[in-house]
Amino acid sequence: MASSVAQPLERQLAQIPGIAQLTSSSSLGTSAITIQFDLNRNIDGAANDVLAAINAAAVNCPKTFRIADLPQVNPADSPILLLSACRTPCR
């Protein structure tokens, strides 16, 4: 997962403007990537940029790659964006 999914995603996500920190961890069949944006970054724009980066990276990922949950943003919540990626089937 680390080399076939996380690394292509990280390369694309790292190009998004306004990232303060990007970390990832991988285990058998799953990868988790956490992005912390600068406080002045518009969260809706950041969510759109993340989706675009995922779509761009997907062509370099295995055919079994799919996103378990698309990023969701609720302006009433803290500025946190959660994204899950796994090989099919996701649980």
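Let me sum up the structure you'll find in this document. (Residues numbered from 1 in each chain as written. Predicted model: local features only at pLDDT ≥ 70, side-chain atom pairs only at ≥ 80, totals over all residues. Heavy atoms only, no water.)

1. As for the overall build of the protein chain
Consideration 1: Per the secondary structure count, the protein chain includes two helices and four strands.
Consideration 2: For the protein chain, the sequential pattern of α-helices and β-strands runs α-β-β-α-β-β.
Consideration 3: For the protein chain, with 91 residues in total, the buried portion stands at 30%.
Consideration 4: For the protein chain, restricting intrachain contacts to residue pairs at least 6 apart in sequence, the fraction spanning at least 24 positions comes to 43%.
Consideration 5: For the protein chain, the exposed area adds up to about 5800 Å²; of that, 50% sits on carbon and sulfur atoms. (Helix = DSSP H or I, 4+ residues; strand = E, 2+ residues; numbered from the N terminus. Buried < 20%, exposed > 50% of the residue type's maximum accessible area, 1.4 Å probe, protein only. Contact = heavy atoms within 4.5 Å. Areas by Shrake-Rupley, 256 points an atom, 1.4 Å probe, with all protein chains shown as cover.)

2. A look at the nonpolar core
Consideration 1: The biggest cluster of nonpolar side chains holds 12 residues, and these are Val-5, Leu-9, Leu-13, Ile-16, Ile-33, Ile-35, Phe-37, Ala-46, Val-50, Ala-53, Ile-54 and Ala-57.
Consideration 2: Of all the secondary-structure elements, those providing two or more residues to this core are α1 (2-13), β2 (30-37) and α2 (43-58).
Consideration 3: In terms of residue count, α2 provides more of this core than any other element does, five residues in total. (Core = buried A, V, L, I, M, F, W, Y, C linked by side-chain atoms within 4.5 Å.)

3. Let's talk about the pattern of salt bridges
Consideration 1: On inspection of all chains with the given rule, the structure shows one salt bridge.
Consideration 2: Between Arg-41 and Asp-49 there is a salt bridge, with its nearest N and O atoms 2.1 Å apart. (Salt bridge = Lys/Arg side-chain N within 4 Å of Asp/Glu carboxyl O.)

4. Side note on the pairing of strand β1 (residues 19-27)
Consideration 1: Judged from the eight bridges that link them, β1 and β2 form a sheet pairing that is antiparallel. Its bridge partner lying in β2, Leu-22 is registered against Ile-35.
Consideration 2: Taking the residues between adjacent antiparallel strands as the criterion, β1 and β2 are bridged by two residues, where Gly-29 takes a positive phi near 85 degrees. (Pairing = 2+ DSSP bridges.)

5. Considerations on α2
Consideration 1: In this model, α2 (16 residues) spans 22 Å end to end at C-alpha, consistent with the 22 Å of a helix rising 1.5 Å per residue.
Consideration 2: Turning to α2, its buried residues number three or more, namely Ala-46, Ala-47, Val-50, Ala-53, Ile-54 and Ala-57. Down the axis, α2 shows its buried residues gathered within 125 degrees of arc, on one side only. Away from its buried face, by an angle of more than 90 degrees, α2 presents the exposed residues Asn-48 and Asn-55.
Consideration 3: Its side-chain oxygen placed 2.9 Å from the backbone nitrogen of Asp-44, Asn-42 serves as the N-cap of α2. (Expected span 1.5 Å × (residues − 1). Arc of directions from axis to C-beta. Polar contact = N/O pair within 3.5 Å; in protein donor to acceptor, adjacent residues only side chain to side chain.)

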